[in-house]
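In case you want the letters, here they are:
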Amino acid sequence: MTPRQRRWLFAIAAAGLVACYLWAFAGLPGFGHYPGPYGPEILKNAIAQTNATGVVSAINFDYRGFDTVGEEFILFTAAAGMSVVLRKLRGEREGRGEREGRAKSPYDRARNRDLPPTSDAVRMPTLALVGPVVLIGWWLAAHAQANPSGGFQGGVILATAFMLVYLSGEFLAFRRLSPVALLDCAEALGAGAFVAVGLAAVAQGLPYLDNFLPLGQVPGAVSSSGTIALISFFVGIEVAAAFTLIIGELLEQTLLVRAGGR
Amino acid sequence: MTGNAVMDVLQVTVLVLVAAGATVVVRTRERVRLVLVLSGYGLLLAILFFTFQAPDVALSELTVGAVALPLILLLAIAKVRKRQE
């Protein structure tokens, strides 16, 4: 088949697809009109039942906590798979450079070019931002019940703080701040603690991941909403560790690992 | 669409920008440039989710789509390019 015929075939099929698509669109409910029974039901009862004003987090960690456990383990498996795939194979060495001397930073492999030092314009903002980003990440992860955020968002922002350390040119500082053993432990601790909170509910004869801790007085306060705040905290730890692990593995591959014998 | 006119205009603008951004992402050819365009598109998507009143998703998309994903892609490109030299 010539390319021209292929293009005609595609045009005909695409026209059919667009027709079906528009027909389906015409049958949708109006923009912003939610037709189902589940949404208004949750909105009516969420704050009274869980004392959490962040209803999205309440759905994530209480009403649909079981789905969130599955999502957790998707991220966990991704990070674990990355660690396994990018492990040190037999033919590879982890070196600091072709020169025998102690290189202060990983060197650039291009032939006629020296690794340029990180400009001050990049170093200053990234190093200045590390503190606020850590604070924001912790705050988002620890206060899932009170504001529009949650464990996952806080965890990713925390991982971004580590990436900022790398961006400011200090790859070895990044490596020292986040050693692989510590990250592995933190990730496993986060994922395991989530499951353990659910099992603690089972140990009391309630369904898995039931919200059994005391709900607190004021909706949205720091110590309210039972297991939601606790789970979100652990999810934050797990997500931060998983993302930093993934980025660290890739950075090691790019900057430190040398393919065999060179 | 809901009442407020300013929100309507904002939502339509962001939708049009997202459609244009998607076309730009698809039509970019070079790898490193594509990664940077993808990062900008992640930011645009986060703004889209925010104007449609979903700040949780906007936060996730902001960090994952504009920071973590381009970094991972850049590192993969660097590793592949190194092996080709």
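Residues numbered from 1 in each chain as written. Chains lettered and ligands numbered in written order. Predicted model: local features only at pLDDT ≥ 70, side-chain atom pairs only at ≥ 80, totals over all residues.

Observations regarding the overall build of chain A
Helix and strand counts for chain A stand at 9 helices and 2 strands. N-terminal to C-terminal, the α/β element order of chain A is α-α-α-α-β-α-α-α-α-α-β. Looking at chain A residue by residue over its 262 residues, the buried ones come to 32%. Sequence separation of 24 or more characterises 71% of the internal contacts of chain A that already satisfy a separation of 6 or more. (Helix = DSSP H or I, 4+ residues; strand = E, 2+ residues; numbered from the N terminus. Buried ≥ 20, exposed ≤ 12 C-beta atoms within 10 Å, placed from the backbone. Contact = placed C-beta atoms within 7 Å.)

Regarding the overall build of chain B
When helices and strands are counted, chain B shows 3 helices and 0 strands. Secondary structure of chain B in N-to-C order comes out as α-α-α. Relative to the globule expectation of 12 Å for 85 residues, the C-alpha radius of gyration of chain B, 16 Å, shows a markedly less compact shape. Dimensions along the principal axes, computed over C-alpha positions, put chain B at roughly 60 × 25 × 10 Å. Out of the 85 residues in chain B, the part that is buried amounts to 18%. Within chain B, residue pairs in contact and separated by at least 24 positions form 48% of the contacts whose partners lie at least 6 positions apart. (Rg over C-alpha atoms; globule rule 2.2 N^0.38 Å.)

A few points about the interface of chain A and chain B
Contact residues are listed per partner, giving 20 residues for chain A and 18 residues for chain B. At the level of elements, α6 (151-167) and α9 (227-255) of chain A are the ones that each hand at least two residues to the side of chain A that touches chain B. For the side of chain A that touches chain B, the per-class residue count stands at 12 nonpolar, 7 polar and 1 charged. (Nonpolar A, V, L, I, M, F, W, Y, C, P; charged D, E, K, R; others polar.)

Notes on helix α1 (residues 5-27) of chain B
The terminal C-alpha atoms of α1(B), which comprises 23 residues, lie 33 Å apart, in line with the 33 Å expected from a rise of 1.5 Å per residue. Little of α1(B) is tucked away: 1 of the 23 residues are buried. (Expected span 1.5 Å × (residues − 1).)

Quick word on the nonpolar core
Within the largest apolar cluster, 53 residues are counted, with the highest numbers of intra-cluster contacts made by Met163(A), Val239(A), Ala242(A) and Phe243(A). Only α3 (55-63), α4 (65-85), α5 (120-142), α6, α8 (180-203) and α9 of chain A together with α2 (31-51) and α3 (55-84) of chain B provide two or more residues apiece to this core. A per-element tally of this core places α9(A) first, with 18 residues. Every residue in contact with Met163(A), bar those within four places of it in the chain, is listed here: Ile247(A), Val67(B) and Leu71(B). (Core = buried A, V, L, I, M, F, W, Y, C linked by C-beta atoms within 7 Å.)

Considerations on the packing of α4(A) against α8(A)
All names here are of chain A. Relative orientation of the contacting elements α4 and α8 amounts to 160 degrees, with a least axis distance of 11 Å. What the angle tells us is that α4 and α8 run roughly antiparallel. In the packing of α4 onto α8, the handedness of the crossing is left-handed. Contact with α4, carried on its side by Gly65, Val69, Glu72, Phe73, Phe76 and Ala79, involves Glu187, Ala191, Phe194, Val195 and Gly198 of α8 and no other residues of that element. Looking at the contact of α4 with α8 residue by residue, the classes come out as 7 nonpolar, 2 polar and 2 charged. (Axes fitted to C-alpha atoms, helices over the stretch in contact; angles between N-to-C directions. Parallel < 35°, antiparallel > 145°, perpendicular 65-115°, else oblique. Left-handed = near helix turned anticlockwise from the far one by under 90°.)

Description of the environment of Ala46(A)
Residue and element names in this part refer to chain A. For Ala46, the position within the fold is in helix α2 (residues 38-50). Accessibility expressed as a C-beta count within 10 Å gives 20 for Ala46, which makes it buried. Between the C-alpha atoms of Ala46 and Ile59, which are 13 residues apart in sequence, the distance is 8.4 Å. Residue contacts for Ala46: discarding those within four places in its chain leaves Val55 and Ala58.

Considering the confidence of the model for chain A
Here chain A shows a mean pLDDT of 79. Residues at 70 or above account for 83%. The low-confidence segment residues 97-105 of chain A (pLDDT under 50) makes 7 contacts with residues lying over four places distant or belonging to another chain. (pLDDT = per-residue confidence, 0-100.)

Some words on the confidence of the model for chain B
All names here are of chain B. Counting all residues, the mean pLDDT for chain B is 88, and 95% of those residues have values of 70 or more. At the low end of the mean pLDDT range in chain B sits α3, at 86; at the high end sits α2, at 94. Taken over the whole predicted complex, pTM reads 0.80, whereas the ipTM for its chain interfaces reads 0.82.

So, α6(A)
A turn of α-helix holds 3.6 residues, and therefore any two residues three or four places apart point the same way. Its 17 residues give α6(A) an end-to-end C-alpha distance of 24 Å, which sits within 8% of 24 Å, the value for a rise of 1.5 Å per residue. Among the 17 residues that make up α6(A), 16 are buried, leaving the element largely enclosed by the rest of the structure.

Remarks on unusual backbone geometry
Residues other than glycine seldom take positive phi values, yet Gln53(B) does so here, at roughly 65 degrees. Tracing the backbone shows Gln53(B) in the loop between α2 and α3.

Observations concerning the environment of Gly151(A)
One can find Gly151(A) in helix α6. In this structure, the C-alpha to C-alpha distance between Gly151(A) and Trp138(A), residues 13 residues apart in sequence, is 9.1 Å.

Examining the packing of α6(A) against α9(A)
When two helices pack together, you describe them by how their axes are tilted relative to each other and by the distance separating the axes. Residue and element names in this part refer to chain A. At a closest axis distance of 7 Å, the pairing of α6 and α9 adopts a crossing angle of 35 degrees. For the pair α6 and α9, the sense of crossing is right-handed. The residue makeup of the contact of α6 with α9, split by class, is 16 nonpolar, 6 polar and 1 charged.

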